[in-house]
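# Fold and contact review
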Amino acid sequence: MALRLDRYLTELGVGTRSEVKKLIKAKQITVNGAIAIKPEKKIDEWKDEVCLRGEKLHYAAFEYYLFHKPAGCVSATEDNVHQTVMDYLTDTVRKDLFPVGRLDIDTEGLLLITNDGALAHELLSPTKHVEKTYYAKVRGTVTVDDVNLFEKGVDIGEDKLTKPAKLVIINDGHMDDGTCNEAQEENVISEIRLTITEGRFHQVKRMFEAVGKEVVYLKRLSMGSLRLPGDLAPGEYRALSEEELSELKQCILEKKREK
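Values in this document were obtained by computation on a predicted structure and should not be read as measured data. (Residues numbered from 1 in each chain as written. Predicted model: local features only at pLDDT ≥ 70, side-chain atom pairs only at ≥ 80, totals over all residues. Heavy atoms only, no water.)

### Observations regarding the pairing of strand 9 (residues 108-114)
Filter applied, for reference: Think of it in three bands: residues with accessible area under 20% of the maximum for their type are buried, residues over 50% are exposed, and the middle band is partly exposed, with areas taken using a 1.4 Å probe on protein chains only. To qualify as a helix, a DSSP run of H or I must reach at least 4 residues; to qualify as a strand, a run of E must reach at least 2; elements of each kind are numbered from the N terminus. Strand pairing requires that DSSP identify at least two bridges connecting the strands.
Of all seven residues in strand 9, seven are buried, a share of seventy percent or more. Examined bridge by bridge, strand 7 (residues 64-69) and strand 9 share six bridges and lie antiparallel to one another. Paired with leucine 66 across the bridge in strand 9 is leucine 112. Across two bridges, strand 8 (residues 98-99) lies against strand 9 in antiparallel orientation. Across the sheet, residue phenylalanine 98 finds its bridge partner in strand 9, namely threonine 114. Relative to strand 13 (residues 214-223), strand 9 is paired through two bridges, and the arrangement is parallel. Across the sheet, glutamate 108 pairs through a bridge with lysine 219, a residue of strand 13.

Next comes the structure, spelled out in structure tokens:
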């Protein structure tokens, strides 16, 4: 597909359309070794060699990054108050990247960063039922009754119950013999793993609030086929491998077939 030179440069974040035109006018851009004269010049983004001040530019239609979101930053492209997840991505090619979905400011874990709007829609659409798994520490004793209720759907104050969710109790916070005195009960911290297929506002926290408990720590472990690598520290990111991207697209395709 042929692109206008000024659009190509803008998409790569070289500058705004007007800034790019100034660079071309100043003879700072070359195409296949020749100085570019016109911003409307058509180029093949995959074959033509475009350079800025002698440095070759690399075109990527889509980029995909697996980011370990730390607590304290917001899942947005810009914010006037808080640091955003995008502030951590410093060496990307594209400048039109965005986080796929949102994690609360105090929530950690896996976040996909891309500029592939179609893929993002497929992952976030409530009709696709893409699974998202979280690890949480919860104030209060999580019980088998909670597990059964989550499986049926929880009333979080909206028109519809939440979709069935899989709740696994890792540790209910009690002693080995299952006992706990009344004073200790107020400070019991349970550890759980929860898999949901929706993305309602503060959903995990509201589900536990509905059963009289409080989420005190939340971390997303997976989304679809993507898993948070153990060697990716909070604040770090890396590009998705071809295998990971292929598995993710296959996961979405399988969800379509299940409908």
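Past the structure itself, the notes keep going.
### With respect to the pattern of salt bridges
As a reminder of what qualifies: Within this document, salt bridges are pairs made up of a side-chain nitrogen of Lys or Arg and a carboxyl oxygen of Asp or Glu, the two lying within 4 Å of each other.
Scanning all chains against the criterion turns up 15 salt bridges. For the salt bridge of lysine 205 with aspartate 104, the shortest nitrogen-to-oxygen distance reads 3.1 Å. You can see lysine 205 sitting in helix 6 (residues 203-209) and its partner aspartate 104 sitting in the loop between strand 8 and strand 9, a full 101 residues away along the chain. According to the relative accessible area criterion, lysine 205 is buried, its value standing at 16%. Classification of aspartate 104 as buried rests on a relative accessible area of 19%.

### A few points about the nonpolar core
If you look at soluble globular proteins, the nonpolar side chains tend to sit buried side by side. Note the threshold: Side-chain atoms within 4.5 Å are what join buried Ala, Val, Leu, Ile, Met, Phe, Trp, Tyr and Cys residues into a set we call a nonpolar core.
With 29 residues, the main nonpolar core has Ile113, Leu194 and Phe208 as its most contacted residues. Mapped onto this core, the elements with two or more residues apiece are strand 7, strand 9, strand 10 (132-139), strand 12 (189-196), helix 6 and strand 13. Ala120, Leu123, Val130 and Leu245 belong to the second largest nonpolar core, which has 17 residues in total.

### Remarks on the environment of leucine 123
Put simply, the rule is: Residue contacts are counted whenever heavy atoms from the two residues lie within 4.5 Å of one another.
By secondary structure assignment, the location of leucine 123 is in helix 3 (residues 117-124). With sequence-adjacent residues up to four places away left out, leucine 123 is seen in contact with Val100, Leu112, Val130, Met223, Leu248 and Ile252.

### Here's the deal with the sheet that holds strand 5 (residues 50-52)
Pairing in this open sheet of four strands is antiparallel, and the strands run 3-2-5-6 from one edge to the other. Two strands lie at the open edges of the sheet, namely strand 3 (34-35) and strand 6 (55-56), each paired on one side alone. Note: strand 2 (residues 29-31) against strand 3, two bridges, orientation antiparallel. Among the inter-strand pairings, valine 31 is bridged to a residue of strand 3, identified as alanine 34.

### Here we look at the packing of helix 3 against helix 7 (residues 242-258)
Defined as follows: Helix axes are fitted to C-alpha atoms over the stretch in contact, other axes to C-alpha atoms as well, and angles between N-to-C directions run from 0 to 180 degrees. Every angle not falling under 35 degrees, over 145, or within 65 to 115 is termed oblique; those three ranges are roughly parallel, roughly antiparallel and roughly perpendicular. Working rule for handedness: look at the near helix, and if it is turned counterclockwise from the far one by less than a right angle, call the crossing left-handed; if clockwise, right-handed. All residues other than Ala, Val, Leu, Ile, Met, Phe, Trp, Tyr, Cys, Pro, Asp, Glu, Lys and Arg, Gly among them, are scored as polar; the first ten of these are nonpolar and the last four charged.
For the pair helix 3 and helix 7, interaxial distance at closest approach is 10 Å and the crossing angle is 50°. One finds that helix 3 runs oblique with respect to helix 7. The element helix 3 and its partner helix 7 pack so that their crossing is left-handed. Between helix 3 and helix 7, the contacting residues are Leu119, Glu122 and Leu123 on the first element and Leu245, Leu248, Lys249, Ile252 and Lys256 on the second. By residue class, the composition of the contact of helix 3 with helix 7 is five nonpolar, no polar and three charged.

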